[in-house]
Amino acid sequence: GCITNPPEVIETCIVKSRARQCLTAAGLESWSCFSVRSMDELMQAAALVKYPAVLKPSEATGSFGVVRVDSAADVFVQFVRLKSERCLQSDEVEFILEEYID
């Protein structure tokens, strides 16, 4: 068979919040980043993140659902819009709100 990475390593690379936790645990500096699942968590993160920022589903690929947001009001509008997407409607879907790096 093919030699590959262990499944937990692959999952860490795919799930953005886990990858960020791994980098932080390794002592690497990072930009501001918040993991959110609910509107309450989003409100807290929107008050702390530096703008412009990026809102995206934690487990999506191919830039699906990635949007730039320029204010807290924009965060809320985009979160509601993204949550209306059929595949993102579950309360289990995690989103990342992070500082935009140019």
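A quick note: this is a predicted structure, and the numbers were derived from the prediction, not measured.

Asks: Describe the pattern of salt bridges, and please don't skip the residues or the numbers.
Replies: Here the idea is simple: oppositely charged side chains can pair when their charged atoms come close. One pass over the full model with this rule turns up 2 salt bridges. Among the salt bridges present, the one from Lys56 reaches Glu98, with a minimum N-O distance of 2.7 Å. Here the residue Lys56 occupies a position in strand 2 (residues 53-57), and Glu98 occupies one in strand 4 (residues 95-99), the gap between them amounting to 42 residues. Judged on exposure class, the residue Lys56 and its partner Glu98 are both buried. Across the salt bridge formed by Asp70 and Arg68, the nearest N and O atoms sit 2.9 Å from each other. Assessed through its relative accessible area of 47%, Asp70 is described here as partly exposed.

Asks: Break down the nonpolar core for me, citing the residues and quoting the values.
Replies: Grouped together as the largest cluster of nonpolar side chains are 15 residues, with contacts concentrated most on Leu42, Leu55, Val69, Val75, Phe95 and Leu97. Elements represented by at least two residues in this core include exactly helix 3 (39-48), strand 2, strand 3 (67-69), helix 4 (72-83) and strand 4. Ignoring any residue separated from it by four or fewer positions in sequence, one finds Val69 in contact with Tyr51, Pro52, Ala53, Val54, Asp74, Val75, Gln78 and Leu97.

Asks: Before we move on, could you go through unusual backbone geometry and cite the residues and values that matter?
Replies: Residue Pro52 is bonded to the preceding Tyr51 through a cis peptide linkage, with omega at 0°. Looking at where Pro52 falls in the secondary structure, it is placed in the loop between helix 3 and strand 2.

Asks: Now, about the sheet that holds strand 4: what can you tell me, with residues and values included?
Replies: Pairing is antiparallel in the open sheet, where 4 strands are placed in the order 1-4-2-3. The sheet is open, and its two borders are formed by strand 1 (33-36) and strand 3, each paired with just one other strand. Pairwise comparison of adjacent strand axes, ignoring direction, gives a mean angle of 25° for this sheet. Two elements, strand 2 and strand 4, share 5 bridges in a ladder whose sense is antiparallel. Along strand 4, the bridge assignment pairs Leu55 with Leu97.

Asks: Before we move on, can you summarise the pairing of strand 4 with the specific residues and values?
Replies: Burial analysis of strand 4 places 5 of its 5 residues in the buried class, the great majority of the element. In the sheet, strand 1 pairs with strand 4 via 4 bridges, with the strands oriented antiparallel. Bridged to Ser35 within strand 4 is Ile96.

Asks: Residues and numbers for the confidence of the model for the protein chain, please.
Replies: Confidence in the prediction of the protein chain, expressed as mean pLDDT, is 85, and 93% of residues score 70 or more. The secondary-structure element of the protein chain with the lowest mean pLDDT is helix 2 (residues 16-25), recorded at 77, while strand 3 shows the highest, at 96.

The rules behind the values
- Residues numbered from 1 in each chain as written.
- Predicted model: local features only at pLDDT ≥ 70, side-chain atom pairs only at ≥ 80, totals over all residues.
- Heavy atoms only, no water.
- Salt bridge = Lys/Arg side-chain N within 4 Å of Asp/Glu carboxyl O.
- Helix = DSSP H or I, 4+ residues; strand = E, 2+ residues; numbered from the N terminus.
- Buried < 20%, exposed > 50% of the residue type's maximum accessible area, 1.4 Å probe, protein only.
- Core = buried A, V, L, I, M, F, W, Y, C linked by side-chain atoms within 4.5 Å.
- Contact = heavy atoms within 4.5 Å.
- Pairing = 2+ DSSP bridges.
- Axes fitted to C-alpha atoms, helices over the stretch in contact; angles between N-to-C directions.
- pLDDT = per-residue confidence, 0-100.

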